[in-house]
Amino acid sequence: KYIIHLENASNYSRSSIYKKMKFNTFIAEKGSDYKPKKVVLNDGNASDASSYNTVLDNIDVRKNQFFQLVTMQNHLPWGKDNPAELNGHGEGYTDIENTILSRYSRDLKDTDDMTADFLGELSKINKNITVVFYGDHLPGLYPEKTFTDDPESKYETDYFIWSNFETEKLNYPVITSSNFPALLLKETNSKVSPYY
């Protein structure tokens, strides 16, 4: 079992918590015995590509492995001015709110591109691989008025489950993160115990 968090291992007591959870390897930039090979920054944080490459560097086709990856690329600051033609606009947003939304959208574009490259690399590996991808929270850039019509939407983020082998395509518009293990088992045609 691997934890990859290209930040400080002591954030939120991750180092001690992961030890209690019996994770074998915690790869972090600081506070860990295991370091990534290379970290490239994107908007001041470790890029998603750096995080993904750390996973790729540690995949062993001879073993069953579990990776928990916590990325940091799209945390503050959001300062991207390019591509200038990519802009976000919220109804009723101020100029400053729209500027921040545009900069964040550019970071998301980078994530989309880097994630597509990562999945492309995973698809070449001769080993069954499944990725559960989700955001643990929305960024704090949205003004409260964004959620007036649907207050619960402030707690929703996008997700997908991807495999490099043939699976049935399922569509669940909303699912709680606590249900990911059961959905993952279903998606991979694994045995689902009564617990799940």
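Heads up: the structure comes first, above all this text.
So, here's what we can say about the structure. (Residues numbered from 1 in each chain as written. Predicted model: local features only at pLDDT ≥ 70, side-chain atom pairs only at ≥ 80, totals over all residues. Heavy atoms only, no water.)

**Quick notes on the overall build of the protein chain**
At step 1: A tally of helices and strands in the protein chain yields 4 helices and 7 strands.
At step 2: The N-to-C order of helical and strand elements in the protein chain reads β-α-β-β-β-α-β-α-β-β-α.
At step 3: Taken over the C-alpha trace, the protein chain has a radius of gyration of 18 Å; the compact-globule value for 196 residues is 16 Å, and the two agree within 12%.
At step 4: C-alpha extents for the protein chain along the principal axes are approximately 55 × 40 × 35 Å.
At step 5: The 196 residues of the protein chain split such that 36% are buried.
At step 6: Excluding contacts between residues fewer than 6 apart, the proportion of contacts in the protein chain whose partners are at least 24 apart in sequence is 55%.
At step 7: Total accessible area on the protein chain is roughly 12800 Å²; 50% of this is exposed by carbon and sulfur atoms. (Helix = DSSP H or I, 4+ residues; strand = E, 2+ residues; numbered from the N terminus. Rg over C-alpha atoms; globule rule 2.2 N^0.38 Å. Buried < 20%, exposed > 50% of the residue type's maximum accessible area, 1.4 Å probe, protein only. Contact = heavy atoms within 4.5 Å. Areas by Shrake-Rupley, 256 points an atom, 1.4 Å probe, with all protein chains shown as cover.)

**Description of helix α4 (residues 180-187)**
At step 1: Of all the residues in α4, the buried ones are Phe180, Leu183, Leu185 and Glu187.
At step 2: At its buried positions, α4 is contacted by β6 (130-134) and β7 (159-163).
At step 3: Positive phi shows up at asparagine 189, right after α4, with a value of about 55°.

**Structural notes on the pattern of salt bridges**
At step 1: Applying the stated criterion across every chain, the model contains 8 salt bridges.
At step 2: Aspartate 110 is the salt-bridge partner of lysine 80, the closest N and O atoms lying 3.2 Å from each other. Taken as a pair, lysine 80 in the loop between β5 (67-70) and α3 (95-123) and aspartate 110 in helix α3 lie far apart in primary sequence, 30 residues in all. Of the two residues, lysine 80 and aspartate 110, both sit in the buried class.
At step 3: The shortest N-O distance in the salt bridge between glutamate 97 and lysine 145 comes to 3.5 Å. Taken together, the residues glutamate 97 in helix α3 and lysine 145 in the loop between β6 and β7 connect sequence positions 48 residues apart.
At step 4: By relative accessible area, which is 40% here, lysine 145 ends up partly exposed.
At step 5: Salt bridges linked by common partners bring Asp60, Arg62 and Lys63 together as one network. (Salt bridge = Lys/Arg side-chain N within 4 Å of Asp/Glu carboxyl O.)

**Looking at the sheet that holds β5**
At step 1: Sheet architecture is open: 3 strands sit in the order β2-β1-β5, paired in parallel fashion. Taken across any chain shown, the strands that pair with only one partner, and hence form the sheet edges, are β2 (25-30) and β5. Averaged over all pairs of adjacent strands, the angle between their axes in this sheet comes to 15°, without regard to strand direction.
At step 2: In this sheet, β2 lies alongside strand β1 (residues 2-8) in parallel orientation, the contact comprising 5 bridges. By the bridge assignment for β2, isoleucine 3 is matched with phenylalanine 26.
At step 3: In the packing of helix α2 (residues 48-58) onto the sheet, the strands contacted are β1, β2 and β5, and the crossing angle to β1 comes to about 145°. (Pairing = 2+ DSSP bridges. Axes fitted to C-alpha atoms, helices over the stretch in contact; angles between N-to-C directions.)

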